Each structure stands twice: as C-alpha cells, then as structure tokens.
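Structural overview for review
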Amino acid sequence: MAEAISAGLLGIHHITAIAGDPQQNVEFYAGLLGLRLVKQTVNYDDPGTYHLYFGDDLGRPGTILTFFPWPGASRGRHGVGQATVVSFSVAPDALGFWEDRLRSHEIAVERRESPFDESVLEFSDPDGLQLELVADARTDLGHPWTDASVPVSQAIRGFHSVALLEPAYDDTEALLTGVLGFRLVKAVGHRRRYSVGHGGLATWVDIVSAPDAPPGHVAVGTVHHVAWRTATNETQQRWRQRLVEAHLGVTPVLDRQYFRSIYFHEPGGVLFEIATDPPGFTVDEGPDALGTGLRLPPWLEPIRPTIEARLPTLRLPRGGGPGKGAVPRVP
C-alpha cells in the first residue's frame, strides 16, 4: 500500500457545492444537464438539509457533483480561497449541441478558448455556480446514463478539472506536489495545471493566482469542498497519517455511508477531502433504483419521520428514466 501512497491520489472523487432551492437544482442538473440523480439523502451533519448527488449511470468517482440545498439562504461570493469553476468533459463535437440547448433554456453562454487551447463553454447554474463544458478529444471516457434527457454521444462524461482561486501559487503548489503527489503539467500566465493519477477523467486541477482578488464566502452558488480519491480504507489511513505529519489539522475518518472521508484545509483556504472509492452508491439501492427514494444511514433511521417532515418532496424531470415523477419516500 505504501506504493499507492507514494504515487499520489487517483483524481477527483466528488465536488460539493451549495444550492438554493432543491427542486430547481434537480431540474437543472438532472433535467437540463442530463446527469443522473444517483442519491437522495441528507447532510449527515445537518439532517434537516438534503444532500443530492448527481453523476454518471452509477455515480462513479470522478463524475459526482453534490449539493447541500439551503432554501432562502443568501448567495456566496466568489473569491480567493475557493474552488471557483467546475469543468466537465464533453466530446469536441458536442459543444454546438450544448450551446443550443443552454441558450434555448435562456442560460447565458460564452464560448471561448482556454489558456491551454481548449474550446470551452462558460455558463452558471441558477444559483450562480460557475460551470464549464470543455471539448475533450480523449476517447472512451465516462459512462453517461442512457436514460437521460441528453443523447449519450453528447452527454457530460465526468469532470474535466476544477479551478482553485488563490492569492499565490507557492503554498498550495507545495501541498499538491510535495504531499499529495500531483505533477505540474502546464503553466500559462496566471494559471497552472496539475495532474494526479494515471490520466483520464477528473485528474486535473488548476491554480489561478489572483493576489488582488477579495476573499470568497461560501454560501449559495459556491463550492463547499473538493474531494480527492483514494482506493481503500487502508490507503486513506495512510493519507491521514501523512497529513497529520504535515500539520494540516485533518479530521478523524468519518463514515459517509457511500465512502469514508477525512477533511482538511489546504494553505490557501479551500476545504479538501480525501474519500474512498468503495463502497459506492449501490450499497443501499440497486442500479436501477438509484436516486428514487430518500436514503438514510442506520444512525438516522430512528428519526426518519422527523427528517421527512422537514424536507420538501422532490420531483424528477419528466423523461428522466425510471425515476421520473415524484421521488418516493422509502419505508
């Protein structure tokens, strides 16, 4: 297992952000973007709040964008010390499809070339979270949901990268390359790109240096944390020990039902997590039933009636496959 640690992490596991209205969130990500709602559960640290997971057909690591919806809460502020842009991979010939689809739903879209010569569509979700679709020529990427409202050939395949806005490169770069096993692969202007793992989806992170930008504030429309993948519980324990030795204030291991987690802040202020790949989202629902009912961990089941009374009923967009219509409560 020591070799797995020395080789670094495997890539992005998931990214968690803050939303406003949960129904609007489901309609945008499952309906418009065609991601699968793979899990409907609650924030284990605040069980009166949904935790909604969107991803590919099974919610594989590297595809999972999750949300804590805070209805009525104020919007956050994008700034330094935050992950500010979530980028998804799509096939190069899909950009035209997505530009038309987004504009037809009155979403403001800008097409541009990235500093790394990639064709990109920039837009935001209804809460202001900054998103990108990146034309990615790599083949055989991802497992889009075949029952989605978007053709598989045009579908989002998983994460391309995530961008961190930092006051400077040095301390965060030292953590990425000296502790977590990332490699600097590109640098243009105020942006540097780092890679981890063995390539493929969700293995890039960009640092954007913005020394004069104001600090960010995490609330609706912002990223809460970025989670990185590790293969097993044992490798996670080794990562935890490494972070303790680096004086990074890492949490104990927490059971998140679908993975195990440890959390720490990187030097620029972004909350990082290291999450295990197993056991995955089919631990409490079969593949065909993913996302179709409210799932709670065993320690919250005794208060299910109280939790359900506090949560609004969600409806999946029509045409979203077997889970369309009202999302049922689970007996």
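Just so you know, these numbers come straight off a predicted model, no measurement behind them. (Residues numbered from 1 in each chain as written. Predicted model: local features only at pLDDT ≥ 70, side-chain atom pairs only at ≥ 80, totals over all residues. Heavy atoms only, no water.)

**Quick look at the sheet that holds strand β5 (residues 82–90)**
Whenever strands of a sheet pair, they do so through backbone hydrogen bonds, lying parallel or antiparallel. Here we have eight strands laid out as an open sheet, ordered β6-β7-β8-β5-β9-β12-β11-β10, and mixed in their pairing. The strands lining the two open edges of the sheet, one partner per strand, are β6 (110–113) and β10 (183–188). Strand-to-strand twist across the sheet, computed as the mean angle between neighbouring axes with direction ignored, equals 25°. The pairing of strand β7 (residues 119–124) with strand β8 (residues 130–135) spans five bridges and is antiparallel. Bridge pairing links V120 to V134 in β8. Here helix α3 (residues 95–104) sits on the sheet in contact with β5, β6, β7 and β8, set at roughly 20° to β7. (Pairing = 2+ DSSP bridges. Helix = DSSP H or I, 4+ residues; strand = E, 2+ residues; numbered from the N terminus. Axes fitted to C-alpha atoms, helices over the stretch in contact; angles between N-to-C directions. Contact = heavy atoms within 4.5 Å.)

**Brief notes about the packing of aromatic side chains**
For the structure shown, the criterion picks out 14 aromatic pairs. Here the aromatic rings of Y53 and F259 are separated by 6.4 Å at their centres, their planes lie at 65°, and the arrangement is edge-to-face. In this pair, Y53 sits in strand β3 (residues 46–55) while F259 sits in the loop between β14 (254–255) and β15 (260–265), placing the two residues 206 residues apart along the sequence. Overall, the relative accessible area of 3% leaves F259 in the buried class. An aromatic cluster is built from F28, Y29, F54 and F67, whose rings are joined through pairwise contacts. When the ring centre of W204 is taken as origin, the NZ or CZ atom of R138, which lies over that ring, is 4.5 Å away. We note R192 situated over the ring of Y169; from NZ or CZ to the ring centre the distance is 3.8 Å. (Phe/Tyr/Trp six-rings, centres within 6.5 Å; stacked < 30°, edge-to-face > 60°. Buried < 20%, exposed > 50% of the residue type's maximum accessible area, 1.4 Å probe, protein only. Lys NZ or Arg CZ within 6 Å of the ring centre and 35° of its normal.)

**Notes on the pattern of salt bridges**
As enumerated under the stated definition, the model contains 19 salt bridges in all. Across the salt bridge formed by R60 and D56, the nearest N and O atoms sit 3.1 Å from each other. Among the residues examined, R60 registers a relative accessible area of 26% and is labelled partly exposed. On the accessibility criterion, D56 (4% relative accessible area) is buried. Linking R295 and E285 is a salt bridge whose minimum nitrogen-to-oxygen distance equals 3.2 Å. With R295 in the loop between β16 (271–276) and α6 (304–310) and E285 in the loop between β16 and α6, the pair connects residues that are 10 residues apart, well separated along the chain. (Salt bridge = Lys/Arg side-chain N within 4 Å of Asp/Glu carboxyl O.)

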